[in-house]
Amino acid sequence: MKNSIRCPVSKCPVKTVLALALSLWVFADTGHWTLDTAFAAVKQEVYITGSVQSFPGYTFTQAVRFLATEPGEKEIGVILVEGVYNGGYPWIMRAYTDNLHFAGVGGALRRNSPAGLVSKDGQFNLPLEINCPSFGEGVWRRVPDLSEPDYAAYRPSPEPTQVFPYADCVLMGIDPRNAPWVVGPDGLLFTEDDNLLGDITVETPFELKLRTHVSRSSVQATYEGVLYIEIIPAP
């Protein structure tokens, strides 16, 4: 080894230095594209844009007819719901009537609620209830009338146990501010089973069932009404 020439910096034999330099030159010459690609891929912006169009929206059966031949609770028909709504949220779908023509019995000490189906002469009415799959099996809710003096609109609740009373018959909706809709099966906020969007919508198609109660005092008449199903931005 005493005849070998040493590199003053690396203390490596000249042959080793030359071999290393040759290897680096070969790699640089043959791997030029690979090195450039690797360094360029460290950070790169890729601009992406797209649009989600408005969906057709919900559609509903337009008319329901029934015949009552005896007193008692009676399912009077179904409304088939199809389509889907993708407007901004929070929103609710509510059901109500608007029976401004209901007069009730003339001279009565107390006026009945105008909700439900009203006889053609405007004096008598039948109650109206609705079942939506979002309620659960066998759960029916009263359909209110907008002209009722104590009508109260839906309000979201910040706590699962602090539910504001409202008269709106909410069929379904999306509201991440409403704690009763956000909490999962455990009934607690901020746990893993939370429904973060507060989404209580139902996949279509589905049916809304309608029923009334024909009492023994229900007057023989033709009853009619307009059921409004409306999607509104939640307040």
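I will try to describe carefully the structure that is included in this document. Every value quoted in this text rests on a predicted model; they were computed, and no experiment measured them.

1. Here's the deal with the side chain of Ser119
Then comes step 1: With respect to the helices and strands, Ser119 occurs in strand β4 (residues 117-119).
Then comes step 2: Excluding anything up to four places from it in sequence, Ser119 contacts Phe124, Ala221, Thr222 and Tyr223.

2. Comments concerning the sheet that holds strand β6 (residues 129-131)
Then comes step 1: With antiparallel pairing, five strands are arranged side by side in an open sheet as β1-β2-β9-β6-β7. Of all strands in the sheet, those with a lone pairing partner are β1 (59-60) and β7 (141-142), marking the two edges.
Then comes step 2: Across two bridges, the pairing between β6 and β7 is antiparallel. Its bridge partner lying in β7, Glu129 is registered against Arg142.

3. Description of the packing of aromatic side chains
Then comes step 1: Under the criterion given, the structure shown has four aromatic pairs.
Then comes step 2: Between the aromatic rings of Tyr85 and Trp91, the centroid separation amounts to 5.1 Å while the plane-to-plane angle is 80 degrees, which identifies the pairing as edge-to-face.
Then comes step 3: Trp91 gets classed as buried once you look at its relative accessible area, which sits at 2%.
Then comes step 4: Ring geometry for Tyr154 and Trp181: centres 5.5 Å apart, planes at 20 degrees, overall stacked. Residue Tyr154 is located in the loop between β7 and β8 (169-174), and its partner Trp181 is located in helix α3 (residues 179-182); the two are separated by 27 residues in the primary sequence. For the residue pair Tyr154 and Trp181, the accessibility class agrees, reading buried in each case.
Then comes step 5: Taken together, the ring pairs connect Tyr154, Tyr166 and Trp181 into an aromatic cluster.
Then comes step 6: Positioned over the ring face of Phe135 is Arg141, at 3.9 Å from the centre of the ring.

Procedures and definitions
- Residues numbered from 1 in each chain as written.
- Predicted model: local features only at pLDDT ≥ 70, side-chain atom pairs only at ≥ 80, totals over all residues.
- Heavy atoms only, no water.
- Helix = DSSP H or I, 4+ residues; strand = E, 2+ residues; numbered from the N terminus.
- Contact = heavy atoms within 4.5 Å.
- Pairing = 2+ DSSP bridges.
- Phe/Tyr/Trp six-rings, centres within 6.5 Å; stacked < 30°, edge-to-face > 60°.
- Buried < 20%, exposed > 50% of the residue type's maximum accessible area, 1.4 Å probe, protein only.
- Lys NZ or Arg CZ within 6 Å of the ring centre and 35° of its normal.

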